[in-house]
Structures are given as C-alpha cells and as structure tokens.
Amino acid sequence: MEIGEKELSRKDRKKIILATTPDGRQIELTARSTKHKYTGKDIAFYICDYTFFIIFTLSCIFPFYYIFINTISDAKLVNSGSINFIPRGLNLQNYLALRNVTDLGNALFVSIARTILGTALMVLASAFVGYLVTKKEMWGRKFFYRFLVITMYFNAGLIPWYLNMQMLGLTNSFAAYIIPGIVAPYNIILVKTYIESIPSELEESAFMDGASFFTVFRKIIWPLSLPILATIAIFGAVGHWNSFQDSLILMTESPNLYTLQHRLYIYLNTSSNIAATMNKPDAGSNVALDFANNGLLIKYTISMVSVIPILLVYPFMQRYFEEGIMLGAVKG
C-alpha cells in the first residue's frame, strides 16, 4: 500500500512525525491540528464561569487570610479593627504568647491522638466491613447491611445519645472520642461499592491457590483500595479534628481531656466576658486593657493553629480524593 504525500503550506504544517511502513520505508506524516473557533456565547460563558469561581475561591480563602494577617499584626491595630487586607506592624510574638494559654498543649495532644487513632480504626473497620458485606458467604449479609444503612436516616437525638454514652461508661473517658466513630455507615458504603468494582478474577485465583478470606483482604483488597481508603481517611480526620460537641457534653469532669476546639470555645467565651466587663466604669485598668488586646490576638492565633494541621495534610491526600470518591460512588 502506497501512501501519497501532499505538500502543505507553512500555515497548515503543524507537526511532522516519522513513521515506518511494514516494508521498512520511513515516511513523514504531517499532523494538521484543528483549532476550535469560539463564538460570542462561548466567550461570554467562559468569562462568567471563571469570574464566578474566582470570586467563590476568594470568598473561601479570605477568612483564613484575614485571621492570619491579624495574628502577625500590631495588637492595638487589631483591636481597633484597622487590619483588613494587609498586615501592619508585623509581630510574631503572638504565636509565642500561646505558651501562656493554660492547657493548650494538652488539648493539642488530645486532638492529635484522637484524630490519628480514631481515623486509623475507622478506616480499618470500614475496609473490613465493606469487604465482608460483598461476600455472599456471609451469614445474614443483606440484613446487617440494610440495618447499617438505616442508621444513616434515623437518629434518636441528643438526650438519648448522652444517656446511652453514660450507660456505656463513656463519659469523662478518652474512649468516647474513638468508639462511636469506628463504624461509619457512609464510608462503609463507599468502600463496598469500590470493592465491587475490583475484578473478581483476582480473588478467584487467590482462592484457587488456597488463600483465606483474610489473606485475600490483606494482600489483594487492601492494596487495591488505597484510593477510597485515603478518601474516607480525609473525611474521618477532618471530622475528628473539628469535633468539639462530644468534648463539651461528655467531658464535664475531665478538663485534661478537652480537645483543642473545646479549648478554643472556652477561650472565646472568656475573652468575650473580659471585653464586656471593660465597658463598666470601674473596669478601666491598663492591665485589663492589655489582656483584652492580647486575648483578641490569641483568639485569632488559636483559630489559625487549629486550622493549619488540616490545611497541611489535605494537599497530600488530594491526589487520592477525586479517584476514590468517583470509583467508590459509581459501580461499573
């Protein structure tokens, strides 16, 4: 078969590729790129689209930026509300002042321990239960799976939840942060759907070689499910790190078990009360004024410190997020 050659103008000649024919001859293949012509409606759409998402992105980023520039600005300017878009009177002593906040280090340790341990156990349980409910050999598989799904739609409420935790002996205990979050129905559903998309021939070949269900899970299912496991790990870590309601309600007699978010909540209330008392005629001392100024800065600084760990971890998990959530949500 002969390939004809056509001389192209410099405007049409975009790329030349050398190709070898079956009989050993080398020929030049010229690729002509087709350029899309944008209409006025296309241009208007893209302008509106990019404008909307740029404004939306800035509206999400600006609160963090506003808090950050206040933490590195002069205390008097921050207290007067003069810091809006750029920092003024750079001062990094605010972060060093956190050493004087009572029990902040212990609260940070509790939050980190809760996040790491709670997320690890949740991911392990979600992966194992998600794998079990895909096996027809599991006794009562449909019943337990439907029972698990029902818990997503029905909630007894706050008071029954507290009474249940009290009867289980989980009040004023670190286990209250870990045990209730181990079984996460939504994450189990994501893992189950993802596992069902894995070719069954891999498991069948392992069973033919004498592997058990646990061996298949450990050596085949677990490594292949890393994208969806990383995705649910993000959900779990953010949830544990930001949670403070369980600490507020359950840790009434154990201040040493307060999380970082709970400590931030307490300090916010304390600073608000101090600022309110300063409006009284008999509360105008310079000491109280300085403390209130520093209190406002420390509020901002603690808020920034509580956000930074998640902001640092999330980019490393982002590459798994899109793949995991798509493959875990769509079967086929």
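Structure: see above.
The notes below deal with the structure included here. (Residues numbered from 1 in each chain as written. Predicted model: local features only at pLDDT ≥ 70, side-chain atom pairs only at ≥ 80, totals over all residues. Heavy atoms only, no water.)

### Regarding the pattern of salt bridges
(1) Moving on: Going through the model one piece at a time under the given rule, you end up with 3 salt bridges.
(2) Moving on: Across the pair Asp 246 and Arg 114 runs a salt bridge whose closest N-O atoms are separated by 2.5 Å. Linking Asp 246 in helix 12 (residues 245-250) with Arg 114 in helix 4 (residues 104-132), this pair joins segments that are 132 residues apart in sequence. With respect to class, Asp 246 is no different from Arg 114; both count as buried.
(3) Moving on: The closest approach of N and O atoms between Glu 203 and Lys 135, which form a salt bridge, is 2.7 Å. Of the two residues, Glu 203 sits in helix 9 (residues 200-208) while Lys 135 sits in the loop between helix 4 and helix 5 (141-150), which places them 68 residues apart along the sequence. Accessibility classification places Glu 203 together with Lys 135 in one group, the buried group. (Salt bridge = Lys/Arg side-chain N within 4 Å of Asp/Glu carboxyl O. Helix = DSSP H or I, 4+ residues; strand = E, 2+ residues; numbered from the N terminus. Buried < 20%, exposed > 50% of the residue type's maximum accessible area, 1.4 Å probe, protein only.)

### Some points on the nonpolar core
(1) Moving on: With 19 residues, the main nonpolar core has Ile 221, Leu 229 and Ile 232 as its most contacted residues.
(2) Moving on: Counting only elements with at least two residues in this core, the list comes to helix 4, helix 8 (185-196), helix 10 (213-224) and helix 11 (226-242).
(3) Moving on: Residues contacting Ile 232, with those up to four places away along its chain left out, are Met 122, Val 123, Ser 126, Asn 187, Leu 190 and Val 191.
(4) Moving on: Core analysis: the next-biggest nonpolar cluster, separate from the first, contains 10 residues, Tyr 177, Ile 178, Leu 250 and Tyr 258 among them. (Core = buried A, V, L, I, M, F, W, Y, C linked by side-chain atoms within 4.5 Å. Contact = heavy atoms within 4.5 Å.)

### Here's the deal with unusual backbone geometry
(1) Moving on: Positive phi is not limited to glycine here, since Asn 172 has a value of about 55°.
(2) Moving on: Among the secondary structure elements, Asn 172 is positioned in the loop between helix 6 (158-167) and helix 7 (175-178).
(3) Moving on: Residue classification places Asn 172 among the partly exposed positions, given a relative accessible area of 23%.

### Observations concerning the packing of helix 4 against helix 10
(1) Moving on: Relative orientation of the contacting elements helix 4 and helix 10 amounts to 115°, with a least axis distance of 11 Å. Here helix 4 runs over helix 10; the crossing is right-handed. Judged by residue contacts, Val 123, Leu 124, Ala 127, Phe 128 and Tyr 131 of helix 4 engage Phe 213, Phe 214, Val 216, Phe 217, Ile 221 and Trp 222 from helix 10. (Axes fitted to C-alpha atoms, helices over the stretch in contact; angles between N-to-C directions. Left-handed = near helix turned anticlockwise from the far one by under 90°.)

### Some details on the environment of Ala 127
(1) Moving on: Here Ala 127 shows up in helix 4.
(2) Moving on: For Ala 127, a relative accessible area of 3% puts it in the buried group.
(3) Moving on: With sequence-adjacent residues up to four places away left out, Ala 127 is seen in contact with Val 191, Ile 195, Phe 217, Trp 222 and Leu 229.

### Considerations on the side chain of Asp 246
(1) Moving on: Accessibility expressed as a relative area gives 10% for Asp 246, which makes it buried.
(2) Moving on: Within the structure, the side chain of Asp 246 is placed 2.5 Å from the side chain of Arg 114, a separation counted as a polar contact. (Polar contact = N/O pair within 3.5 Å; in protein donor to acceptor, adjacent residues only side chain to side chain.)

### Overview of the packing of helix 9 against helix 10
The packing of two helices is summarised by the inter-axis angle and the distance between the axes.
(1) Moving on: Two elements in contact, helix 9 and helix 10, have axes separated by 10 Å at closest approach and are oriented at 145°. The handedness of the crossing between helix 9 and helix 10 comes out as right-handed. Side by side, helix 9 and helix 10 meet where Leu 202, Glu 203, Ala 206 and Phe 207 of the first sit next to Phe 213, Val 216, Ile 220, Ile 221 and Leu 224 of the second.
(2) Moving on: Across the contact of helix 9 with helix 10, the residue classes tally to 8 nonpolar, no polar and 1 charged. (Nonpolar A, V, L, I, M, F, W, Y, C, P; charged D, E, K, R; others polar.)

### Description of the environment of Ala 211
(1) Moving on: Inspection of the secondary structure puts Ala 211 in the loop between helix 9 and helix 10.
(2) Moving on: Assessed through its relative accessible area of 21%, Ala 211 is described here as partly exposed.

### Focus on a nonpolar patch on the surface
(1) Moving on: A grouping of Tyr 38, Ile 43, Phe 45, Tyr 46, Ile 47, Tyr 50, Ile 54 and Leu 58 is seen on the molecular surface, where their side chains present a nonpolar patch of about 890 Å² in accessible area.
(2) Moving on: Tracing the sequence through the fold places Ile 47 in helix 1 (residues 40-71). (Patch = residues over 30% accessible without salt bridge, like charges linked within 9 Å, V, L, I, M, F, W, Y side chains within 5 Å. Areas by Shrake-Rupley, 256 points an atom, 1.4 Å probe, with all protein chains shown as cover.)

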